[in-house]
Amino acid sequence: MPMQPKRKIPIPGRVFKDVMVKSLTGLTVVLITGIIVAILIITVAGGWKNLTWEFLTQFPKDGMTRGGIFPALVGTALMTLIMTIAAVPFGVITAIYLSEYASEQSVFAKTIRFAVKTLAVVPSIIFGLFGLGFFIKFIGFNIDNAFNGGELRWGQPNILWASLTMALLTLPVVIVSVEEAIKTIPRDMREASLALGATQWQTIKNVVLPGSLTGILTGTILAISRGAGEVAPILFTGAAYYVAELPTSLNQQFMSLGYHIYIMSTQSTNVDETLPIQYATTLVLLLLTFSLSLIAVILRYRIRKKAI
Amino acid sequence: MNRDLPDTKKQEFEKKTALSLSIREKQFRFSDWFAEKLIKAVSFFSIAFVILIFLFVFRETLPLFSGKSGHDKIENSGISDENANGLKPESYVAGEDDQAGDELKPEVYSPDEELKPQVYSPDAETQDAGELKPETYGDVIPETGSSDDISYANEGSGDSYEIGDEAEYPVKTLFSGDWQPVSDKPRYGLLPLFVGTLKVTLMAILFAAPLAIMAALYTAMFAPPRLKEIIKPVIELLAGFPSVVIGFFALTVLATFFQQIFGYASRLNAFVGAIAMGLAAIPIIYTLTEDALNAVPRTYTEASLALGASIRQTAFSVILPAATPGIFAAVILGIGRVFGETMIALMATGNAALISANPFDSIRTLSATIGAEMAEVVFGDTHYSVLFLIGSLLFIFTFALNAIAEFYFKNKVIRRIQGK
């Protein structure tokens, strides 16, 4: 039996260095976590007093210096709803193509992957420009010219164009989540289905899709969380400073929580006086996106666990 | 591309199980065929969208280069750059003094702005440029938003331009040092915007990259497995913070906090913006770096530990070098995120188009310029086209960054780890 060293041979400075490096890197984790906690605490501390039922269900009053954020809440909800309807089917189908039909070598699939990654890193403001240039100026103007005799109805910023712009932005989020979930479905299940005589489409419909429902849900939640918080794409595609009533048709402008925060904190008539409103709005938005991403993180964690 | 698809399809099927192959070849089902084609067609859209984004963002910049300006193009070389630069500051003295100070936020501007065109007079042209410089940044903040302001500027471009200057040639002012799109002599110098963007990006990455990489190193190498499960989702939660929330945090809390520490003059400046943008970039760099570190084969770690190295030595001499290309890719994507960040830049950097090396000066970034001014411009205006030009540049830049990270560095990682 070989002799076992009784203890590690001490090398001068090594233990000290080890401990130093470990604590230094650990400290960065503490710092980052601390910043996250600080943002949360400051927002909660500044906003919770104002976070009343009235605040959530009232319109802004007195030149937006008092009152609630009801139209912004409804606007955000409507926008994310339309966005989800547009983005999720596209995302799910693309993810199915990438994981079920496309082979790794296919140039087409590689191009799609690259395009999705590009969509994920393009600055959100570019989506805003695209929404303005494509949806409003190209599609909207042409619709107006063709059907409304040039009267400006669709060729202006509105909730539909803003939602579609946002859908583009959140498309990669959906694709990545759904693809990740589809990958966790064991190959055996597909083969069993095919062996029973099912076609590939039947396999996808009856085996792959039901198995990836959690992933689709995760992707949808993440997309909503992202879409609810983004402001840059809707800056000039549909968000309004103030609307007197809730949007009743798709070609109306809307108020959004994020845009409300931006406007109130930089361009309102009295920034200091409305600070409580700003904090409370931020708190609402943060709670919304935070709880959504928390749900998504938990769901994703369960998917990953299932995969192992 | 479409032509070689059948081939690759065939290869794919050959690779798949013999069972599915035989089913495929035996019978033709319309529903199956249709579903596949439909799915393929829909997934093509993500490619189409990227192309469309490029096309339509670029399309709006075209008027700039085709010279659609209807005015007579008389160039008067007598008006030098400096001179034109000096014209405007003079005209604002009345309203601008108190604003040029520390608060460069948009809201300060509303009432005084209307004075601008009225005070302006041709006499101002004779003024000396040099001594007026400090005030320049008063008028480079055009996001005031009052619509009469803009219409005035447009009238101005119609009336007072008979003398002719660069404003008739907007393309020529693109490389100048002044960003003054809303004035009676609009100048669209992108230089200060570029300098500001680069400055804030550099500072943000210098703040975010070391933090994120070290945190990732701790998570991947040193942290106990239980702690790892907590740290990862917590830092990833930061990615779920909307940028407007981070911007608001920077605007209300960070700006005051840092002002108390450093005592600088303008409350909102490049430094505050950089810290806030760094916060936005940290989760991206962290996640990708952690992935890169985890992608290093476990045998590397084990071999190093077996040779008697400590975990620290393994981390720095084995894992980090092997993961370097991946970490570079992470930092590059972080740069892309900061470069295009709009809301934080809009809210926390002060939005004054200054060229200076001082990190505590206000700056104006490319994306914030689009965000602040696009809502107020007249469709088809030169200003409008210039904003789209900025958008195209941003798009091309982030596209290139992504391509570099994707193809160059990813391949390097694979090659390095596979030992080729």
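Quick notes on the rules
Residues numbered from 1 in each chain as written. Chains lettered and ligands numbered in written order. Predicted model: local features only at pLDDT ≥ 70, side-chain atom pairs only at ≥ 80, totals over all residues. Helix = DSSP H or I, 4+ residues; strand = E, 2+ residues; numbered from the N terminus. Rg over C-alpha atoms; globule rule 2.2 N^0.38 Å. Buried ≥ 20, exposed ≤ 12 C-beta atoms within 10 Å, placed from the backbone. Contact = placed C-beta atoms within 7 Å. Domains from an automatic or database assignment. Nonpolar A, V, L, I, M, F, W, Y, C, P; charged D, E, K, R; others polar. pLDDT = per-residue confidence, 0-100. Arc of directions from axis to C-beta. Expected span 1.5 Å × (residues − 1). Axes fitted to C-alpha atoms, helices over the stretch in contact; angles between N-to-C directions. Parallel < 35°, antiparallel > 145°, perpendicular 65-115°, else oblique. Left-handed = near helix turned anticlockwise from the far one by under 90°.

A.B. asks: Any chance you could break down the overall build of chain A for me, citing the residues and the numbers?
C.D. replies: When you go through chain A residue by residue, the secondary structure sums to 11 helices and two strands. Helices (α) and strands (β) of chain A occur, in sequence order from the N terminus, as α-α-β-β-α-α-α-α-α-α-α-α-α. A compact globule built from 308 residues would reach a C-alpha radius of gyration of about 19 Å, whereas chain A, at 25 Å, exceeds it by more than 25%. With the C-alpha coordinates of chain A rotated into their principal frame, the extents come out at 90 × 60 × 35 Å. Here chain A, with 308 residues, has 50% of them falling under the buried criterion. Sequence-distant contacts, at least 24 apart, represent 76% of the contacts inside chain A between residues at least 6 apart.

A.B. asks: Can you lay out the overall build of chain B for me, pointing to particular residues and giving the numbers?
C.D. replies: From N to C terminus, chain B includes 17 helices and two strands. Expressed as a percentage of contacts within chain B between residues at least 6 apart in sequence, the contacts between residues at least 24 apart total 78%.

A.B. asks: Tell me about the environment of B:Thr289, and please be specific about residues and values.
C.D. replies: All names here are of chain B. Inspection of the secondary structure puts Thr289 in helix α12 (residues 270–295). C-beta crowding within 10 Å serves as the criterion here: with 28 such atoms nearby, Thr289 is assigned to the buried category. When near neighbours in sequence (up to four residues on either side) are disregarded, Thr289 contacts Ala212, Ile213, Ala216, Ile327 and Ala330.

A.B. asks: Hey, could you go over the domain arrangement of chain B for me, with residue numbers and the actual values?
C.D. replies: Residues and elements named next belong to chain B. According to the domain assignment, chain B consists of domain 1 (5–59), domain 2 (80–189) and domain 3 (192–418). Spacing between the C-alpha centres of domain 1 and domain 3 amounts to 36 Å. Of the residues lining the interface, four residues belong to domain 1; the matching set on domain 3 comes to four residues. When grouped by side-chain class, the residues that make up the side of domain 1 that touches domain 3 number four nonpolar, no polar and no charged.

A.B. asks: Residue-level account of the confidence of the model for chain B, with values.
C.D. replies: The predicted structure's coordinates, where accompanied by low pLDDT, should not be read in detail. Looking at chain B, pLDDT values average 73 and 67% of them are 70 or higher. Under the prediction, the complex receives an ipTM of 0.89, its pTM being 0.78.

A.B. asks: I'd love a proper account of the interface of chain A and chain B, names of residues and values included.
C.D. replies: Contacts between the two partners involve 79 residues from chain A, matched on the other side by 79 residues from chain B. When residues of the side of chain A that touches chain B are assigned to their parent elements, the largest contribution, 17 residues, is made by helix α1 (residues 14–47) of chain A. Each residue belonging to the side of chain A that touches chain B can be placed in one class, and the counts come to 47 nonpolar, 25 polar and seven charged.

A.B. asks: Help me get a handle on unusual backbone geometry, residues and values and all.
C.D. replies: All names here are of chain B. The backbone of Asn351 sits at a positive phi, close to 60 degrees, despite the residue not being glycine. By the secondary structure assignment, Asn351 is in the loop between α15 (343–348) and α16 (366–373). Among the residues examined, Asn351 registers 28 C-beta atoms within 10 Å and is labelled buried.

A.B. asks: Mind laying out helix α7 (residues 187–195) of chain A, listing which residues take part and the relevant values?
C.D. replies: All names here are of chain A. Taken together, the buried positions of α7 are occupied by Arg190, Ser193 and Leu194. On an axial view of α7, the arc spanned by its buried residues comes to 100 degrees, and they lie on one face. The positive-phi residue at the C-terminal boundary of α7 is Gly197, with phi of around 100 degrees.

A.B. asks: I'd like a rundown of helix α10 (residues 225–239) of chain B, residues and numbers included.
C.D. replies: Relative to the 21 Å expected for 15 residues at 1.5 Å per residue, α10(B) spans 22 Å between its end C-alpha atoms, a close match to the ideal helical length. Residues of α10(B) that are buried make contact with α1 of chain A together with α9 (191–222) and α12 of chain B.

A.B. asks: Got a sec to walk through the environment of B:Arg364? Specific residues and values, please.
C.D. replies: Residue and element names in this part refer to chain B. Its location among the elements puts Arg364 in the loop between α15 and α16. We classify Arg364 as buried; it has 30 C-beta atoms within 10 Å. The spatial distance from the C-alpha of Arg364 to the C-alpha of Phe379 is 23 Å, given a sequence separation of 15 residues. With residues near it in sequence (within four places) discarded, Arg364 still touches Trp179, Pro192, Leu193, Gly196, Thr349, Asn351, Ala352, Ala353 and Thr369.

A.B. asks: Lay out the packing of helix α11 (residues 243–262) of chain B against α12(B) with the relevant residues and their values.
C.D. replies: Each pair of packed helices gets described by two things: the angle between the helix axes and the distance between those axes. Residues and elements named next belong to chain B. Between α11 and α12, the least distance of the axes is 9 Å, while the angle of their chain directions is 140 degrees. Classified by the angle between their axes, α11 and α12 sit oblique to one another. Remark: the crossing between α11 and α12 carries right-handed chirality. Counting all contacts with α11, which are made through Ser243, Ile246, Gly247, Ala250, Leu254, Ala255 and Phe258, the residues of α12 involved are Phe271, Val272, Gly273, Ile275, Ala276, Leu279 and Ala280.

A.B. asks: Could you give an account of the packing of α7(A) against helix α8 (residues 200–211) of chain A, naming the residues involved and the relevant values?
C.D. replies: All names here are of chain A. At their nearest, the axes of α7 and α8 sit 10 Å apart, and the two run at 140 degrees to each other. With respect to α8, the axis of α7 lies oblique. The handedness of the crossing between α7 and α8 comes out as right-handed. Between α7 and α8, the contacting residues are Met189, Arg190, Ser193 and Leu194 on the first element and Thr203, Asn206, Val207 and Val208 on the second.

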